[in-house]
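Chain by chain, the residues run as shown.
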Amino acid sequence: MIRAVEASQAVSAPVLAAYRYCETVTGQQARNFAYGIRLLPTPERRAMSALYAFSRRVDDIGDGELPGAVKVERLEDTRALLGRVRAGEVEEDDTDPVAVALAHASAVFPIPLGGLDELIDGVQMDVRGATYETWDDLKVYCRCVAGAIGRLSLGVFGTEAGARGVERASEYADTLGLALQLTNILRDVREDAEGGRTYLPADDLAKFGCSAGFAGPTPPEGSDFAGLVHFEVRRARALFAEGYRLLPMLDRRSGACVAAMAGIYRRLLDRIERDPEAVLRGRVSLPGREKAYVAVRGLSGFDTRYVSRHTLRGRA
């Protein structure tokens, strides 16, 4: 999907204020995401912040303390708002800044807004208390809450004319989203357990003696928790390797953004692999200096060149 619309730098005062609100939400709520999108040109950065702010609203409904029936109602209200955006019914003076920013972004960029419907579907799965017996089951959820975000982002980034294999760009964006989400699941395994949620596939938990769950800072008695984590890390790494094929299809700054965000999560994965039980003791994170290094590496184009070389070598 080659970018079909050139973004204009000039926006009206109400739209600019709406984007600033979304950028504030992004900076406060998603530091890793905000770190990556700061590498983008202003129009793309604003559009990505609008996508994040809408997604954050959906996630907050799912994660909140409201009764399930009320959550479902709020999610459907949010879906109705998305319908208004899609129909071009949101005016610049609308009182909802997220709707204003998203409406402008979707008018400037060919964003597949259906991905946000998928996100709502995924959060509704959470509200219903869905569990996942197999990796194939979990992939359905991950594609809703993360793969869709990858495809939405691709609508903002666009692809380079003449890029090799560009017809698979959406597939690679989706796969990269799965890689990020599986990393999130590993990082948040204790926090999710405290909230009564288990995302890792039940058959994987059973295989490594972890079906009792993760209610405390130590693994279940007699389990092979490290084996479980290493197994999921290998799965995530395979997804990253496939999803990284997207990088040569993007322009330099979009590629840098994707490489930075994915690079931060790959380094989180490295930390989790080195000390699997760390995820039971607290949230694993990267220091700012390491994130800065990942950003510089992305801007240098190192990851894009590496992927391009190995992709071509694989076809030789």
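The structure contained in this document is the topic of the report that follows. Only a predicted model underlies this, so the values are computations on that prediction, with no experimental measurement involved.

Reading the values: rules and limits
- Residues numbered from 1 in each chain as written.
- Predicted model: local features only at pLDDT ≥ 70, side-chain atom pairs only at ≥ 80, totals over all residues.
- Heavy atoms only, no water.
- Salt bridge = Lys/Arg side-chain N within 4 Å of Asp/Glu carboxyl O.
- Buried < 20%, exposed > 50% of the residue type's maximum accessible area, 1.4 Å probe, protein only.
- Helix = DSSP H or I, 4+ residues; strand = E, 2+ residues; numbered from the N terminus.
- Disulfide = S-S within 2.5 Å.
- Phe/Tyr/Trp six-rings, centres within 6.5 Å; stacked < 30°, edge-to-face > 60°.
- Lys NZ or Arg CZ within 6 Å of the ring centre and 35° of its normal.
- Axes fitted to C-alpha atoms, helices over the stretch in contact; angles between N-to-C directions.
- Parallel < 35°, antiparallel > 145°, perpendicular 65-115°, else oblique.
- Left-handed = near helix turned anticlockwise from the far one by under 90°.
- Contact = heavy atoms within 4.5 Å.

1. Comments concerning the pattern of salt bridges
Within the structure shown, the criterion is met by 28 salt bridges. When the shortest N-O distance is used, the salt bridge between Asp63 and Arg56 registers 4.0 Å. Given the relative accessible area of 44%, Asp63 is considered partly exposed. The closest approach of N and O atoms between Arg237 and Glu273, which form a salt bridge, is 3.0 Å. Of this pair, Arg237 sits in helix H11 (residues 225–243) while Glu273 sits in helix H12 (residues 252–274), placing them 36 residues apart in sequence. On the accessibility criterion, Arg237 (30% relative accessible area) is partly exposed. Salt bridges sharing common partners tie together Glu76, Arg79, Arg86, Asp117 and Asp121.

2. With respect to the state of the cysteines
Tallied over the entire structure, the rule returns 0 disulfides. The thiol of Cys22 is unpaired, and the distance to the nearest cysteine sulfur, on Cys257, comes to 16 Å. The class for Cys22 is buried, based on a relative accessible area of 0%.

3. A short note on the packing of aromatic side chains
Counted according to the given criterion, the structure contains 7 aromatic pairs. Geometrically, the ring pair formed by Tyr132 and Tyr141 is tilted, given 5.5 Å between the ring centres and 35 degrees between the ring planes. As far as the burial class goes, Tyr132 and Tyr141 line up, both buried. Considering the side-chain rings of Phe240 and Tyr244, the 6.4 Å spacing of their centres and the 85 degrees angle between planes classify their relative orientation as edge-to-face. Judged by its relative accessible area of 5%, Tyr244 is buried. Ring-pair connections join several aromatic residues into one group, and the members of that group are Tyr132, Tyr141 and Tyr199. When the ring centre of Tyr244 is taken as reference, the NZ or CZ atom of Arg266 above it lies at 4.8 Å.

4. Here's the deal with the packing of helix H8 (residues 169–187) against H11
It is the contact of H8 with H11, at a shortest axis distance of 8 Å, that shows an interaxial angle of 155 degrees. Considered as vectors, H8 and H11 are oriented roughly antiparallel to each other. At the point where H8 passes H11, the crossing takes the left-handed sense. Residues Glu171, Tyr172, Thr175, Leu176, Leu178, Ala179, Leu180, Leu182, Thr183 and Leu186 of H8 form the contact with H11, whose own contacting residues are Glu232, Val233, Arg235, Ala236, Leu239, Phe240, Glu242 and Gly243.

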